[in-house]
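Residue-level structural notes
Residues per chain, in single letters:
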Amino acid sequence: MLLAESLLNALHAYGAREIFGIPGDFALPFFKVIEESGRLPLYTLSHEPAVGFAADAAARYRGGLGVAAVTYGAGALNLVNPVAGAYAEKSPLVVISGAPGAQERRAGLGLHHQAKTFDSQRLIFSEITCAHTCLNQAASAPAEIARVLRQCLDESRPVYIELPRDMVRVPCGPVPLLPSRPADEDALAACADDVLAHLRRAKQPVMMVGVEIRRFGLEQLVATLASRLGIPVVTSFMGRGLLAETDAPLSGTYLGVAGIADVTALVEKSDGLLMLGVILSDTNFGVSASRIDFRRCINAADRQVSLGFHHYADIPLESLIRALLDRLPSTAIQAASRTQIMHYPTQMPHDQQSITPHDIATAINDLMDHHGDLPIACDIGDCLFTALDIKHTALVAPGYYASMGFGVPAALGIAATSGKRPLVLVGDGAFQMTGWELGNCRKASWAPIVIVLNNQSWEMLRTFQPESHFNDLDDWHFADIAASLGGIGIRVDTRQALHTALERAMAEPHAFHLIEVMLPRGTLSPTLSRFVAGVKRLSSVVA
Ligand code: TPW
Ligand code: MG
């Protein structure tokens, strides 16, 4: 077997289902093996940031590894931002970069795409990945690949594999399939007992779920745990969309002062907050109405559990949840305290009024009520706050690292890995960054429905600094580019036209639809208005 074939087999065995990439001469030999082996489908895109976002989103949506394959230097270094985002938001993204071979490294010349030294690139990636390796020896390659891929899954963070081009066709053995690193049984038992005792003492326990429960494939187990415990469940902001495909009794999404008041009160008044896989970030907790005392919470994330002043190391989330389930009676408890607060606006009037972000959410809810749920890929900007008024459905979004440009490529990742038709919510500023990637839909038969919230503005920035004119963007007429990219574009500025465009998109599923929604500058979603007010209030307290 060739080394590249070993690597591809291992990627598949550890859970990858497709590869996104852009080749270069240092990567051409590997891409040849990808194509000719047919082991995993290869989707080429137009610019490496989109390759990273698409692979990341495929991993988030499907669960399991996402793969981005690129060339050395100019290719790989274009991936730094998406990989940093995947690190921050715990997505198991495997970066495979081509690289110079051993002989050319010895030639004494500076090689094209070389930044500083041959190792510069690997060192840069070492900062934003949880494991890295250079496959420059056939004998150790299988063990190295196994080590790195196991770590990727165990930590649910990106890893970096450098593949020198002269190693691609070297004979190599198969890669062992390593099981995930187990917990210490005694520590796990003590921890689970401790957690249950803490919950039993609490008068108002609440469960908050975060992205790790999807990363580790635990949504169904968590839904069962929630029903056996009989306590209310909320998602974190980053966790929006979690449990949507289960029957877990969700009360809503916690967003402090920016969120629904009842959900905020539920979380902040709890004396037993059980956080499962939640990232302790400012976007999740920075706008709390009354500060949550994390020392009084149970926090299980990053293979650790802390509660009060007790700390348990090396406890995988799945082991903890299974240990808790083992200790609970198998019947669901119908708790009187269960509160179902989720609601979403519906029935947008089909009239000649101009459109607000709230109307967009309402129109999408109407669409899903009629045609069934669509998975959503969302960018950063008011579109993400608008998404909070949309029915709770599967969602991928950069809610913490907050890189613009994520939404469109993420939808391509969802489409590639699931075959489903995603809905994209993206602002005009973010669309300027990666919207062009829609040109890759036709050859792959993807047909996302893309809603561009065109306020001709970096509106989120304007909310913080209204006096700055540089936040004004020009009017680019995005709908007009759709036809040349192989899709259908329509610009809408009334609620009637928005409704008609969405229905048409559902009726014509064979091409992407770009619905450019014109919004007057300064029209914000209700959640962004509350978020901005909250942040301003908090920063004035700090100042
Ligand atoms: C890669 C900083 C955060 S929000 C924003 C910027 C520039 C404006 C977004 O404009 P858009 O949406 O997309 O039109 P809206 O609703 O605000 O009008 N560069 C990157 N990522 C981020 N987050 C920024 C800059 C930013
Ligand atoms: Mg905008």
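Model, not experiment: these values are computed from the prediction. The residue numbering used here restarts from 1 in each chain and proceeds along that chain's sequence as written. Key to labels: chains lettered from A, ligands numbered from 1, both in the order written. It should be noted that, the model being predicted, local features are given only for residues of pLDDT at least 70 and side-chain atom pairs only at 80 or more, the latter also being counted only at that level, while totals for whole chains, interfaces and linings use all residues. For the side-chain quantities, the full set of heavy atoms in the structure was used; hydrogens and water were omitted.

**Describing the overall build of the protein chain**
As a reminder of what qualifies: In DSSP terms, a helix is any run of H or I states spanning at least four residues, a strand is any run of E spanning at least two, and both are numbered starting from the N terminus. Only C-alpha atoms enter the radius of gyration; for comparison, a globular chain is expected to reach 2.2 Å times N to the power 0.38, where N is the number of residues. Here, two residues are considered to be in contact whenever any of their heavy atoms come within 4.5 Å of each other. In summary, the charge assignment counts Lys and Arg as positive and Asp and Glu as negative, without counting His or the chain termini. Where a charge lies is defined by one atom per residue type: Lys uses NZ, Arg uses CZ, Asp uses CG and Glu uses CD.
Of the regular secondary structure elements, the protein chain holds 21 helices and 19 strands. In terms of C-alpha radius of gyration, the protein chain reaches 24 Å, essentially the compact-globule figure of 24 Å for 543 residues. Along the first, second and third principal axes, the C-alpha set of the protein chain runs to 70 × 65 × 50 Å. Intrachain contacts of the protein chain at a sequence separation of at least 6 include 78% that bridge at least 24 residues. Where the 44 positive side-chain charges of the protein chain centre and where its 54 negative ones centre are 4 Å apart.

**Comments concerning the coordination of the magnesium ion (ligand 2)**
Applied cut-off: Metal sites are built from N, O and S donor atoms within 2.8 Å, or 3.2 Å for Na, K and Ca, and they leave out water, so they may look incomplete.
Surrounding the magnesium ion (ligand 2) are the protein donor atoms Asp428 (OD), Asn455 (OD1) and Ser457 (O), which sit 2.0 to 2.1 Å from the metal. Sequence positions of the residues that donate to the magnesium ion (ligand 2) give the spacing D-x26-N-x1-S. Remark: Ser457 occurs in the loop between β17 (449-454) and α19 (459-464) and Asp428 occurs in helix α17 (residues 428-434); sequence separation between them is 29 residues.

**Concerning the packing of aromatic side chains**
Convention followed: Side-chain rings of Phe, Tyr and Trp (the six-membered ring for Trp) are treated as a pair once their centres are within 6.5 Å; stacked means planes under 30 degrees apart, edge-to-face means over 60, and tilted covers the remaining angles. Criterion for a charge above a ring: Arg CZ or Lys NZ at most 6 Å from the ring centre, at most 35 degrees from the ring normal.
With the rule as written, the count across this model stands at eleven aromatic pairs. An aromatic cluster of at least three residues, connected via ring pairs, comprises Phe20, Tyr43 and Trp446. In this structure, Arg157 packs its charged tip against the face of Tyr87, placed 4.5 Å from the ring centre.

**Observations concerning the site of ligand 1**
This is how it is decided: Put simply, a residue is near a molecule or strand once any heavy atom of it comes within 4 Å of that molecule or strand. The term polar contact refers here to a pair of N or O atoms within 3.5 Å; inside protein, the definition further demands a hydrogen-donor-capable atom paired with an acceptor-capable atom, and it admits residues adjacent in sequence only when both atoms are side-chain atoms. With residues, only the protein chains shown are counted as cover, and all accessible areas are computed by Shrake-Rupley using a 1.4 Å probe. Residue polarity is assigned by list, with Asp, Glu, Lys and Arg as charged and Ala, Val, Leu, Ile, Met, Phe, Trp, Tyr, Cys and Pro as nonpolar; anything else, Gly included, falls into the polar class.
Around ligand 1 there are 16 residues in total, and Ala402, Asp428, Gly429, Ser457 and Met460 lie nearest to it. Between ligand 1 and Asp382 there is a distance of 2.8 Å, counted from an oxygen atom to a backbone nitrogen or oxygen. Contact with the protein chains hides 79% of the accessible area of ligand 1, taken as 590 Å² for the molecule alone. Of all the elements in the fold, those that place two or more residues in the shell around ligand 1 are α17 and α19. If one sorts the elements of the shell around ligand 1 by residue count, α17 sits on top with four residues. Partitioned by chemical class, the residues of the shell around ligand 1 number seven nonpolar, six polar and three charged.

**Comments concerning helix α3 (residues 48-62)**
As a reminder of what qualifies: Here the expected length of a helix is defined as 1.5 Å per residue gap, with one fewer gap than residues. Three labels apply to residues, based on accessible area from a 1.4 Å probe with only protein chains included: buried if under 20% of the type maximum, exposed if over 50%, partly exposed otherwise in between.
For α3, with 15 residues, the first-to-last C-alpha span of 21 Å sits near the 21 Å given by 1.5 Å per residue. For α3, the buried fraction is high: 14 of the 15 residues fall into the buried class. Gly63 lies just past α3 and shows a positive phi near 85°.

**What about helix α1 (residues 3-13)?**
For α1, the set of buried residues is Leu3, Ala4, Ser6, Leu7, Leu8, Ala10 and Leu11. Buried residues along α1 sit in contact with β1 (19-21), α2 (28-37), β3 (66-70), β4 (93-99), α7 (141-155) and β6 (159-164). Of the residues one or two after α1, Gly15 is the one with positive phi, at around 115°.

**Focus on unusual backbone geometry**
Trans is the common state for peptide bonds, and a negative phi is the common state for residues other than glycine. Here Asp314, not a glycine, exhibits a phi torsion of approximately 55°, which is positive. On the secondary structure map, Asp314 appears in the loop between β13 (310-313) and α13 (317-326). The class for Asp314 is partly exposed, based on a relative accessible area of 35%. The phi dihedral of Gln347 falls on the positive side, at around 65°, and the residue is not glycine. On the basis of relative accessible area, Gln347 is assigned to the exposed category, the value being 67%.

**A few points about the packing of helix α8 (residues 185-201) against α13**
To describe two helices that pack against each other, one gives the angle between their axes and the distance between the axes. We apply this condition: Helix axes use the C-alpha atoms of the stretch in contact, all axes being lines fitted to C-alpha atoms, and the angles between their N-to-C directions lie in the range 0 to 180 degrees. The handedness criterion is simple: a crossing whose near helix is rotated anticlockwise from the far helix by less than a right angle is left-handed, and one whose near helix is rotated clockwise is right-handed.
For the pair α8 and α13, interaxial distance at closest approach is 9 Å and the crossing angle is 65°. When you trace α8 past α13, the crossing you get is right-handed. Between α8 and α13, the residues in contact are Leu188, Cys191, Ala192, Val195 and Leu196 and Ser319, Leu320, Ala323 and Leu324, respectively. Partitioned by chemical class, the residues of the contact of α8 with α13 number eight nonpolar, one polar and no charged.

**Structural notes on the domain arrangement of the protein chain**
The condition is simple: Residue ranges labeled as domains rest on an automatic or database domain assignment. Summed over both partners, the accessible surface that disappears when two parts come together, traced with a 1.4 Å probe, is what is meant by buried area.
Domains assigned within the protein chain are domain 1 (3-167), domain 2 (185-326) and domain 3 (357-530). Averaged C-alpha coordinates put domain 2 and domain 3 at centres separated by 31 Å. If you look at the interface, domain 2 gives 19 residues, while domain 3 gives 16 residues. In terms of surface lost to domain 3, no three residues of domain 2 exceed Phe237, Arg240 and Ala258, which account for 42% of the buried area on that side. Applying the counting criterion to the domain 2 and domain 3 interface returns seven residue pairs in polar contact (both at pLDDT 80 or more). Where the side of domain 2 that touches domain 3 is concerned, the elements lending two or more residues are β9 (250-253) and α12 (282-285).

**Some words on the environment of Pro158**
Positionally, Pro158 belongs in the loop between α7 and β6. Residue classification places Pro158 among the buried residues on the basis of a relative accessible area of 0%. Taking the C-alpha atoms as reference points, Pro158 and Val94, 64 residues apart in sequence, are found 5.7 Å from one another.

**Quick notes on the sheet that holds β1**
Let me state the cut-off plainly: In short, DSSP must find at least two bridges between two strands for them to pair.
What the six strands build is an open sheet, ordered β2-β1-β3-β4-β6-β5; its pairing is parallel. Both outer strands of the open sheet, β2 (42-44) and β5 (131-134), are each paired with one neighbouring strand and no more. For this sheet, the mean angle separating the axes of adjacent strands, direction not counted, is 20°. Strand direction decides the pairing type here: β1 and β3, joined by two bridges, are parallel. If you follow Phe20 over to β3, its bridge partner there is Ala68.

**Description of the nonpolar core**
Put simply, the rule reads: What is meant by a nonpolar core is a set of buried Ala, Val, Leu, Ile, Met, Phe, Trp, Tyr and Cys residues, joined one to another through side-chain atoms within 4.5 Å.
Counting residues in each nonpolar core, the largest one holds 49 residues, and the members touching the most others are Phe20, Phe431, Leu438 and Trp446. Those elements giving two or more residues to this core turn out to be α3, β3, α4 (80-88), β4, α16 (407-418), β16 (423-427), α17 and β17. No other element matches the eight residues that α3 contributes to this core. Both domains that meet at this core, namely domain 1 (3-167) and domain 3 (357-530), each give it at least three residues. Apart from the residues within four sequence positions on either side, Phe431 is in contact with Val408, Val426, Leu438, Val450, Val452, Phe478, Ile481 and Leu514.

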